Amino acid sequence: MAATEVDKIRNVAVIAHGGAGKTSLVEAMLFDSGSIDRLGNVEDGTTTTDYELEDITRKITTSSSIAFCNWNGHRINLIDTPGFINFLEDTRGCLRAVDGAIVIVSAISGVKAETQKIWKYASEFEIPRVVFINKMDKDTANFSRALGEIEKAFETEALPLQVPIGSGDSFTGIVDLIKMKAVKFNNGKAEESDIPAEILPEVEEYRKNLVEKIAESDDALLEKYLEGGMLSDDEVIKGVREGSLTKRFIPVTCGSAIRNIAVSELLDTALLCLPSPAEMVRISPIRGKNPKDGKEIERKPLKTEPLSAYVFKTIADPYAGRLSIFRVYSGIFRADSNILNATTGAKERIGQVFYLMGKKQVSAQTIGPGEIGVVAKLKETYTGDTLSDESRPIVFEKVKFTDPIISYAIAPKSKGDEDKVSTSLHRILEEDPTLRFQRDEETKEMLLSGMGQVHLEVTLERLKRKFGVEVVMKTPKVPYKETIKVLTKAQGRYKKQSGGRGQYGDCYIEIEPLPRGGGYEFADKIVGGAIPRQYIPAVEKGIIETMHEG
Ligand SMILES: Nc1nc2c(ncn2[C@@H]2O[C@H](COP(=O)(O)OP(=O)(O)O)[C@@H](O)[C@H]2O)c(=O)[nH]1
Ligand SMILES: [Mg+2]
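To keep things clear, this report deals only with the structure shown in the data block. (Residues numbered from 1 in each chain as written. Chains lettered and ligands numbered in written order. Predicted model: local features only at pLDDT ≥ 70, side-chain atom pairs only at ≥ 80, totals over all residues. Heavy atoms only, no water.)

Quick notes on the coordination of the magnesium ion (ligand 2)
Within the protein, T23 (OG1) and T61 (OG1) serve as the donor atoms for the magnesium ion (ligand 2), at 2.0 to 2.1 Å. Residue T23 is located in helix α1 (residues 22-32), and its partner T61 is located in the loop between α2 (53-58) and β2 (65-71); the two are separated by 38 residues in the primary sequence. The residues T23 and T61 share a single accessibility class, namely buried. (Donors = N, O, S within 2.8 Å, 3.2 Å for Na, K, Ca; no water. Helix = DSSP H or I, 4+ residues; strand = E, 2+ residues; numbered from the N terminus. Buried < 20%, exposed > 50% of the residue type's maximum accessible area, 1.4 Å probe, protein only.)

Thoughts on the site of ligand 1
Around ligand 1 sit 17 residues in total, of which G19, K22, S24, E43 and D137 are the nearest. One nitrogen or oxygen atom from the side chain of E43 is found 2.6 Å from an oxygen atom belonging to ligand 1. Backbone polar atom of A257 to an oxygen atom of ligand 1: 3.0 Å apart, as the coordinates give it. Protein chains shield 86% of the accessible area of ligand 1, which is 580 Å² for the free molecule. At 3 residues, the largest contribution of residues to the shell around ligand 1 is made by α1. For the shell around ligand 1, the per-class residue count stands at 4 nonpolar, 8 polar and 5 charged. (Near = heavy atom within 4 Å. Polar contact = N/O pair within 3.5 Å; in protein donor to acceptor, adjacent residues only side chain to side chain. Areas by Shrake-Rupley, 256 points an atom, 1.4 Å probe, with all protein chains shown as cover. Nonpolar A, V, L, I, M, F, W, Y, C, P; charged D, E, K, R; others polar.)

Things to note about the packing of helix α3 (residues 88-95) against helix α4 (residues 113-124)
Between α3 and α4, the least distance of the axes is 9 Å, while the angle of their chain directions is 30°. It follows from the interaxial angle that α3 and α4 lie roughly parallel. The handedness of the crossing between α3 and α4 comes out as right-handed. Together, L88, E89, T91, R92 and L95 of α3 and E114, K117, I118, Y121, A122 and E124 of α4 make up the contact between the two elements. For the contact of α3 with α4, a count of residues per class yields 5 nonpolar, 1 polar and 5 charged. (Axes fitted to C-alpha atoms, helices over the stretch in contact; angles between N-to-C directions. Parallel < 35°, antiparallel > 145°, perpendicular 65-115°, else oblique. Left-handed = near helix turned anticlockwise from the far one by under 90°. Contact = heavy atoms within 4.5 Å.)

Pasting the structure below:
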């Protein structure tokens, strides 16, 4: 498959708390655009993006996955991300590589804490966003309540581009406030119709609000509007686009992922309100450092520029080896080429390159600027590394992932499998930067640390499925140690007089606690050289040794 021109690309992450409908929405978008010919669902475990067994059995996305669709002459790359608290760092890593996001807010449960957290990650990378109020088909769905919650939680003005027609069982479609047309859905098929009379006053109110908001952004438009003139469709469309890209407001749409209502319209909105990689550089330029001299370099998203690509995700595949998923920022990533890992300095040989459609790999010859691709079997390349042209290296800043917050002791189910556990786990660690694995020196246990219990359980299931190693998890032993709580003084005296020259030592130490977590400090309070200097390091050494034993 051939590369897409950079101004025809949208890289979009779908983000929200777990259960909001991300995976279902991505599935419906892939279906509507003809990327897949059967509409799968989360309940049956048949979606394109929840393809890993751990996702299917739990019915939650535990690891992000990528697919693409062609829509209206554009290529939309979609990243379905996890929303469950244990897996949010993966979502953050993906946000580094996209130019826009669809934020799902449930019409039932509104904006949850996880969504607020993910919203902040998106702000960290300055990504323009569109909100989709999902589950309008549910009984207690409430569009205006969700709108209120969006404004409160995201501290941004929410600007509806659509109004729902009905809710719950009677949710049949939407009114498009830009075209001022109703679209009704019958078994997933869309039909344009007149705006139902009973909601016309409400629709006109929303339309007025939309036009005012657009007029306010531009003096000439405002003058025209205040003098009673109407804004043309083109002016409204341009205004919505500009306001979204500059984050003056957040465009809001609505629908039902599961009933495939207003999903195609959301694809249109994504094209309208989210930037192409070419436009994203206005918001966030492509900047990195020359690894040779540390000087800042800027690249443009053009084919003629030297290659630069950022590896934002790694998948450990027991058969294909390590898969590195990358976003090209400039130049062309070619199959059968030699490139440089500018972060580590390692030279890498590129074999075949692919696009991803869930678990399926679609062969590509070249991956152009702004595109997302995958390559297998790189030797020394991991998540966060920059791949670049050998002679014109550039290094992009890495996403720094949060440290783990919970540890469990693990042991192989069959005795003697320790080495196998360790080597397989190291491969899993390559795909998950929020895991740590170490051996505790004192308790001799293997410790696995991660972002929560579910995260560690999923990791061990994955270890079993991919590498056939079975491991049990238990609470780690806690080596109890003593610490000092109050100021204490001690004296130690040493005398040796039998034979030879006599030895004599007399040492006073005062110990007092530092604030919790304050570690260790040594203060030498000997004044005026009363004790020869060379004896003092030995005292400190003794203290440190004793401290480790508790
Ligand atoms: N009624 C209704 N249920 C939905 C809708 N979208 C998703 N769901 C259900 O909500 C649950 C979570 O959906 P999923 O796509 O896995 O959410 P994710 O965790 O955000 O990826 C599943 O049981 C879906 O069938 C919707 O529009 N309406
Ligand atoms: Mg999901």
